[in-house]
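Letter by letter, the chains look like this.
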Amino acid sequence: MSVTLTARDAERRDFWSALCPQLSIDGDAVAVPAAVGATDPLLVTLKREGYIRVPGALPEAVVAPIRDAVSTLFGLGIPLPFVFVYDQLWRAFQGLSDFLTAVLGDGYRALPDFWVWHVKPDESAAGWGPHRDRVMPTLDADNSPHTLTVWLPFSDATPLNGCMYFLPAHLDDRFRQRRWDGPDNTLVHNLQDIRAVPATAGTLMAWNQAVLHWGGRASRLGEAPRISAAFEFQRADSPAFNSPLLDPGRLPTFGERLGLIGKQVLQYRHMYPLSDDVAAIATSLVERFMPGVAPVGDSPSVGTAVSF
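Only a predicted model underlies this, so the values are computations on that prediction, with no experimental measurement involved.

Engineer: Can you help me understand the sheet that holds strand 5 (residues 195-197) in this one?
Structural biologist: Where strands meet in a sheet, backbone hydrogen bonds hold them as pairs that are either parallel or antiparallel. The strand order across the open sheet formed by three strands is 5-4-7, and the pairing between neighbours is antiparallel. Looking at strand neighbours, the two that pair on one side only are strand 5 and strand 7 (212-215), the edges of this open sheet. On average, each strand axis in the sheet is inclined to that of its neighbour by 25 degrees, with strand direction left out of account. Pairing geometry for strand 4 (residues 164-167) and strand 5, over three bridges, is antiparallel.

Engineer: I keep staring at the pairing of strand 6 (residues 204-208) and nothing clicks. Help me out?
Structural biologist: The side chains of a regular strand alternate, residue by residue, between the two faces of the sheet. Counting buried residues along strand 6, five of its five residues qualify, which places the element largely inside the surrounding structure. Residues Leu204, Ala206 and Asn208 point to one face of strand 6 and Met205 and Trp207 to the other, with burial holding for every one of them. Here strand 1 (residues 51-54) runs beside strand 6; their pairing, made up of four bridges, is antiparallel. Across the sheet, Arg53 pairs through a bridge with Met205, a residue of strand 6. In the sheet, strand 3 (residues 147-153) pairs with strand 6 via four bridges, with the strands oriented antiparallel. When the sheet's bridge partners are listed, Thr149 is paired in strand 6 with Trp207.

Engineer: Please clarify how helix 5 (residues 87-94) should be interpreted in this entry.
Structural biologist: Residues lying three or four places apart along an α-helix face the same way, a consequence of the helix completing one turn every 3.6 residues. Burial runs high along helix 5: seven of the eight residues are buried. Here helix 5 has its buried residues at Asp87, Gln88, Leu89, Trp90, Ala92, Phe93 and Gln94. Here the buried face of helix 5 lies against helix 4 (60-76), helix 6 (97-104), strand 2 (109-119), strand 3, strand 8 (226-234) and helix 8 (254-267).

Engineer: Looking at this structure, how should I read the pairing of strand 8?
Structural biologist: Along strand 8, nine of the nine residues are buried, which leaves the element largely enclosed by surrounding structure. Covered by surrounding structure in strand 8 are Arg226, Ser228, Ala230, Glu232 and Gln234 together with Ile227, Ala229, Phe231 and Phe233, the residues of both alternating faces. As judged from the eight bridges shared by strand 2 and strand 8, these two strands associate in the antiparallel manner. If you follow His118 over to strand 8, its bridge partner there is Ile227. Bridge count for strand 3 against strand 8 is seven bridges, and the pairing is antiparallel. Residue pairing in the sheet places Thr149 in a bridge with Glu232 of strand 8.

Engineer: Even after reading the chapter, I still don't get the sheet that holds strand 2, so can you show me in this structure?
Structural biologist: Strands sit in the order 1-6-3-8-2 across an open sheet of five strands; the sheet is antiparallel. Each of the sheet's edge strands pairs with one partner strand only, and the pair in question is strand 1 and strand 2. Across this sheet, the average inter-strand angle for adjacent strands is 15 degrees, counted without regard to direction. Where helix 5 meets the sheet, it contacts strand 2, strand 3 and strand 8, and its direction lies at approximately 60 degrees from that of strand 8. The strands touched by helix 6 within the sheet are strand 1, strand 3, strand 6 and strand 8, with strand 3 carrying the most contacts at an inclination of about 155 degrees.

Engineer: Which parts of the structure should I look at to understand the nonpolar core?
Structural biologist: Within soluble globular proteins, side chains that are nonpolar tend to cluster in buried spots. Counting 66 residues, the largest nonpolar core has Trp16, Phe82, Phe84, Phe99, Val150 and Leu204 as the members making the most contacts within it. Counting residues per element, this core draws most heavily on helix 4, which supplies seven residues. Residues contacting Phe99, with those up to four places away along its chain left out, are Val36, Leu42, Ile52, Leu148, Leu204 and Ala206. Of all hydrophobic cores here, the second largest spans 30 residues; its members include Cys163, Phe166, Val197 and Ala210.

Rules used in this analysis
- Residues numbered from 1 in each chain as written.
- Predicted model: local features only at pLDDT ≥ 70, side-chain atom pairs only at ≥ 80, totals over all residues.
- Heavy atoms only, no water.
- Pairing = 2+ DSSP bridges.
- Helix = DSSP H or I, 4+ residues; strand = E, 2+ residues; numbered from the N terminus.
- Axes fitted to C-alpha atoms, helices over the stretch in contact; angles between N-to-C directions.
- Buried < 20%, exposed > 50% of the residue type's maximum accessible area, 1.4 Å probe, protein only.
- Contact = heavy atoms within 4.5 Å.
- Core = buried A, V, L, I, M, F, W, Y, C linked by side-chain atoms within 4.5 Å.

Below, the structure is given as structure tokens:
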């Protein structure tokens, strides 16, 4: 089943509330602090490997309603970033504030860069292809990040439904060279260095934005779709890597969410097919709710990504 999303529907709270009544818009949802544990060992791993994985960070009570909502939008043919109209997506990332403060420092900001995936267990489906989130310098000499991508799986991510793959930073010559751009920036010299990183629902995964990574090809042998979302963050003392920067502790208004969602649809359109109708709706939302603020071209945060 699919629906034809109209510009009028996109701006109606009652439309979204009826689609996913288990979620709220400007409601009383609260952020549940993530069970991350000691952060010092995570920082050591992040600097060496380029990524971290913390199973069980978010409870099933947090991830299940979001998983159901993404499945609903996917089944109706509605662009998945629209699930960010709901409070629960924002609250899930707010629950990571202690971890993000440990990595990025006090006053860290949220970038207007987020996305949502529903990867079917089917050979025709895959996550985003090999890329580095940013090809500009975003690391200190010891690999402490100025920006961070946080990825939350709401269903189990396995090698059969497109889990994440990494070229660990300490195995990547580019980290030694401090060079992440260029036409060969996704080249892997030793295929045995590639690491598959499956994750159970509710896992916290995060990586610096120079590490080479991608979502795998799914398979009909997979048991369920890979449902996930990512959000990007940066240090407060760094220049803005995209605009407008967001206060991660404040829930955007419904209108602000619509403008931000429209921005995502437009700035990531090089990663997936985008119909003229959806592009027009996204453009309308940006112009109406983010006038003069957000560019509508390709995202400056994505380097030489390849989509399938």
